[in-house]
Amino acid sequence: MSYNDLFSLNGKKAVVTGGCGYLGREIVKGLSDFGAEVVVVDWNISPIEDTNAHYIKCDLGNTSNIKDVMKEAAGANECIDVLITLAANLGAGVLNDVETMDDEYWAKGIDGTVGYTFRSIREAIPYMKNSTSGSIINIGSLYAVGAPDPRTYFDTPFSSTPNYGAGKAATVELTKFCASYLAKYGIRANSVSPGSYPHTNVQENALFKKRLEDKTMLGRIGYPEDLVGVMIFLASEASKYITGINIMVDGGQTAW
Ligand SMILES: NC(=O)c1ccc[n+]([C@@H]2O[C@H](COP(=O)([O-])OP(=O)(O)OC[C@H]3O[C@@H](n4cnc5c(N)ncnc54)[C@H](O)[C@@H]3O)[C@@H](O)[C@H]2O)c1
């Protein structure tokens, strides 16, 4: 037996929500390079270079939109093999919002993380049941497993909010629930939790970047390409006996 094709995604249909974002674009490119037919679902479409991805504009805050999108993405053979749920919408906020955040804003952050994820999974399940190798990959965060350190943000324009970490922790738990329930359909579910992957404009703040680097064992921030390998692994047959786990891709940040 040859293992040359162990990571191949040839013949697989992958749907990536939030695929036009900072991390998503590189992941879409990686999936395409490994042979997947990729459908990107985003409300802000900007085509990704060097891919032949198909794009569907959609607001993941709206259930009927997502239902239509998954039907379109599944196509004539009504099948989705891989679902990657990157889309998130948090709004701005700061750490001390925990003292003042109103119910509406709290709910917005929870919906913009685990709500989008749940809705995408629910509408994709009918089509993933038709796959022989269904794989759901949700996105957690280092703040799904630990709190933001206020010293990282002090004296910078950056922050994090209480509903973000809560929504991401819920996403990791939702993943385990799905792994347990969907196993009977042959569908696996795992989450990937990125550490610190500041966008390029944020990287320009040298103080903040250095603080993030110092938090990791590997001494550097994450870049979008650091997530491609784990996505290929979880999407492919290479991980066919893995379900219900959360993989930290954080340069060791949460391991010490
Ligand atoms: N960048 C990091 O440091 C980091 C760290 C940990 C986890 N994450 C998670 O990784 C994922 C991707 O992060 P990113 O840095 O690429 O963010 P990003 O903002 O660049 O990308 C998010 C994408 O989701 C889309 N989106 C937002 N709301 C939508 C809606 N209602 N309907 C459809 N599309 C919508 C946006 O248009 C965007 O393309 C998010 O879930 C984020 O929480 C990021």
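Before reading on, note that the structure itself is shown above.
Residues numbered from 1 in each chain as written. Predicted model: local features only at pLDDT ≥ 70, side-chain atom pairs only at ≥ 80, totals over all residues.

## Comments concerning the pairing of strand β1 (residues 13-17)
Stated precisely, the cut-off is as follows: Residues with at least 20 neighbouring C-beta atoms inside 10 Å of their own are called buried, those with 12 or fewer are called exposed, and the rest are partly exposed, where every C-beta is derived from the backbone. Only DSSP runs of H or I with at least four residues qualify as helices, and only runs of E with at least two residues qualify as strands; both kinds are numbered from the N terminus onward. Paired strands, in this sense, are two strands between which DSSP finds at least two bridges.
The buried fraction of β1 amounts to five of the five residues, a majority that puts the element mostly inside the structure. Taking every second residue as pointing to the same face, both faces of β1 are buried, with Lys 13, Val 15 and Thr 17 on one and Ala 14 and Val 16 on the other. Both β1 and strand β2 (residues 37-42) contribute to a ladder of five bridges, which runs parallel. If you follow Lys 13 over to β2, its bridge partner there is Glu 37.

## Section: helix α7 (residues 206-215)
Keep this limit in mind: This arc is built from the directions going out from the helix axis to the C-beta atoms.
For α7, the complete set of buried residues consists of Phe 208, Leu 212 and Lys 215. All buried residues of α7 lie within an arc of 55° about the axis, which places them on one face of the element. Among the exposed residues of α7, those oriented more than 90 degrees off its buried face are Ala 206, Leu 207, Lys 210 and Asp 214.

## What about helix α2 (residues 63-74)?
Condition: A helix's residues, less one, multiplied by 1.5 Å, set its expected span. Two residues qualify as a contact pair if the distance between their C-beta atoms, derived from the backbone, is within 7 Å.
Along its twelve residues, α2 runs 17 Å from first to last C-alpha, staying within 8% of the 16 Å computed at 1.5 Å per residue. Taken together, the buried positions of α2 are occupied by Ile 66, Val 69, Met 70, Ala 73 and Ala 74. An end-on view of α2 places all buried positions within 125° of arc, on one side of the element. Buried residues belonging to α2 abut β1, β2, β3 (54-57) and α3 (103-128). Just downstream of α2, Gly 75 is the residue with a positive phi angle, here 70°.

## Brief notes about the nonpolar core
Basically, it comes down to this: Definition of nonpolar core: a set of buried Ala, Val, Leu, Ile, Met, Phe, Trp, Tyr and Cys residues joined via C-beta atoms within 7 Å.
Counting 53 residues, the largest nonpolar core has Ala 14, Val 16 and Met 231 as its most contacted members. The element best represented in this core is α3, accounting for six residues. Beyond its immediate sequence surroundings of up to four residues, Ala 14 is in contact with Leu 9, Leu 31, Ala 36, Val 38, Asp 81, Val 82, Ile 84 and Ala 235. Among the nonpolar cores identified, the runner-up in size contains five residues, and Leu 142, Tyr 143, Ala 144 and Tyr 164 belong to it.

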